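What follows is each chain in one-letter form.
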Amino acid sequence: ENPTDVVSYVSCHDNLTLWDKLTISCPKSTKEECLAMNRLAAAMVFTSQGIPFFLQGEEFGRSKPIEGSNEVSENSYNLPLYTNALRYGLLEENAELYAYYRGLIAFRKAHRGLRLSEGVEVRECIRFMEDLPENVVAFTIDYADEVLLVAYNANPKPVKVKLPDGSYDVYVDKTHAGVTPLTQLKGELSMEPVAAYVLARV
């Protein structure tokens, strides 16, 4: 019943890494499209209640290649360093993805509404929005003196979502995340394709 009993994740040491999962399941996608899917997945983890968990290296696009082939490993416990190594050169190559994870973590730490500890708080504070476009999920978290709005757009096209009354600072969008507002909105949120947004009511 309590959020602290739940672990939220999209990749771990078992099975494919998130990056490998995305590239295999969406083989026609470009690198930029895979990066967008990676960011959306990460935003879902870090804006969910419970304990966020992620595989080391997920934040820079870790892969587990099998030496001498074009394949990746789904179960690498008995494979050599070539497969299991952390390739820190990807930190530079995917620096914006790494910064996005850092921003999500900082925002989560700064907002207690994303870290509710009792089931009763979740039931009282979180409200899912209705009448949304297909493949869009959005909810508000009304906790203490703050109202957060979290929205995910899984569509390959932009969508618009009507905002509840008031003005909102945007802290997370398709490519940026952190504790400094990016812009302020009122009335409507225009969401880019395959993107998460996190707003706080002013």
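Residue numbers here run from 1 along each chain, matching the order of that chain's written sequence. Since the coordinates come from a predicted model, pLDDT governs what is reported: local features require at least 70, and pairs of side-chain atoms require 80 or more to be given and counted, while whole-chain, interface and lining totals use all residues. For the side-chain quantities, the full set of heavy atoms in the structure was used; hydrogens and water were omitted.

Caption draft 1: Structural view of the pairing of strand β6 (residues 159-172). Any two strands between which DSSP finds at least two bridges are classified as paired. Each helix is a run of H or I in the DSSP string that is no shorter than four residues. Each strand is a run of E no shorter than two, and both are numbered from the N terminus. Where β6 and strand β7 (residues 183-191) come together, 8 bridges link them in antiparallel fashion. Across the sheet, the residue bridging to K162 is E188, located in β7. Relative to strand β8 (residues 195-201), β6 runs antiparallel, the two sharing 4 bridges. Residue pairing across strands places Y168 opposite R201, the latter belonging to β8.

Caption draft 2: Highlighting the packing of helix α2 (residues 31-46) against helix α5 (residues 95-110). Angles here are taken between N-to-C directions and fall from 0 to 180 degrees, while the axes themselves are lines fitted to C-alpha atoms, restricted in helices to the stretch in contact. One way to put it is that α2 packs onto α5 with a least axis distance of 10 Å and a crossing angle of 15°. The orientation of α2 relative to α5 falls into the category roughly parallel. The hand of the α2/α5 crossing is right-handed. Seen from α2, the contacting residues are L35, N38, R39, A42, A43, V45 and F46; seen from α5, they are L97, Y100, Y101, L104, I105 and R108. For this classification, under 35 degrees means roughly parallel, over 145 means roughly antiparallel, 65 to 115 means roughly perpendicular, and everything else is oblique. By convention the crossing between two helices is left-handed if the near helix lies anticlockwise of the far one by an angle smaller than a right angle, and right-handed if it lies clockwise. Two residues qualify as a contact provided that any one of their heavy atoms is within 4.5 Å of a heavy atom in the partner residue.

Caption draft 3: Representation of the nonpolar core within the structure. Core analysis: the largest hydrophobic core is formed by 34 residues, its most contacted members being Y100, L104 and V172. Going through the elements one at a time, α1 (18-25), α2, α5, β4 (136-143), β5 (146-153), β6 and β8 are the ones with two or more residues in this core. Leave out the neighbours within four places in its chain, and V172 touches Y100, L104, A177, L182, A196, Y197 and V198. As used here, the term nonpolar core means buried Ala, Val, Leu, Ile, Met, Phe, Trp, Tyr and Cys residues forming a set that is joined through side-chain atoms within 4.5 Å. To sort residues, take the accessible area from a 1.4 Å probe on protein chains only and compare it with the maximum for the residue type: under 20% means buried, over 50% means exposed, and anything in between is partly exposed. Core analysis: the second largest hydrophobic core is formed by 15 residues, M129, A151, L163 and L199 among them.

Caption draft 4: Local environment of unusual backbone geometry. Unlike most non-glycine residues, N135 shows phi in positive territory, near 65°. With respect to the element layout, N135 can be found in the loop between β3 (126-128) and β4. We classify N135 as partly exposed; its relative accessible area is 45%. Within the chain, A144 stands out as a residue other than glycine whose phi angle is a positive 55°.

Caption draft 5: Representation of the side chain of T140 within the structure. Along the chain, T140 turns up in strand β4. With residues near it in sequence (within four places) discarded, T140 still touches C125, I126, R127, M129, V147, L148, L149 and P164.

Caption draft 6: Representation of α2. Its 16 residues place the ends of α2 22 Å apart at the C-alpha level, agreeing with the 22 Å of an ideal helix rising 1.5 Å per residue. Counting buried residues in α2 gives 12 out of 16 residues, a clear majority hidden from the surface. When α2 is considered as a whole, its buried residues turn out to be C34, L35, A36, M37, N38, R39, L40, A41, A42, A43, V45 and F46. In this structure, the buried residues of α2 make contact with β1 (7-8), α1, β2 (51-52), α5, β5 and β8. In a helix, the anticipated span is given by 1.5 Å times the number of residues less one.

Caption draft 7: A look at the side chain of N38. With respect to the helices, strands and loops of the structure, N38 is situated in helix α2. Classification of N38 by relative accessible area gives buried; the value is 0%. Leave out the neighbours within four places in its chain, and N38 touches L18, W19, L22, E58, L97 and Y101.

Caption draft 8: Broad picture of a nonpolar patch on the surface. A cluster of nonpolar side chains, V7, Y9, I51 and F53, forms an exposed patch at the surface whose accessible area comes to about 360 Å². Mapped onto the fold, V7 is located in strand β1. Grouping into patches uses exposed residues only, defined as over 30% relative accessible area, and leaves out salt-bridged ones; the cut-off is 9 Å for like charges and 5 Å for nonpolar side chains (Val, Leu, Ile, Met, Phe, Trp, Tyr). Where accessible areas are quoted, they stem from the Shrake-Rupley method and a 1.4 Å probe; at the residue level, only the protein chains shown are allowed to cover. Salt bridges, as used here, are contacts in which a Lys or Arg side-chain nitrogen is within 4 Å of a carboxyl oxygen on Asp or Glu.

Caption draft 9: Looking closely at the sheet that holds β3. Pairing is antiparallel in the open sheet, where 6 strands are placed in the order β3-β4-β5-β8-β6-β7. Two strands in the sheet have a free side with no partner beyond their single neighbour: β3 and β7. Looking at each pair of strands side by side, their axes are set apart by 30° on average, direction ignored. Running at roughly 145° to β5, α2 makes contact with β5 and β8 of the sheet. Across the sheet, α5 lies against β5, β6 and β8, angled at about 85° from β6, the strand it touches most.

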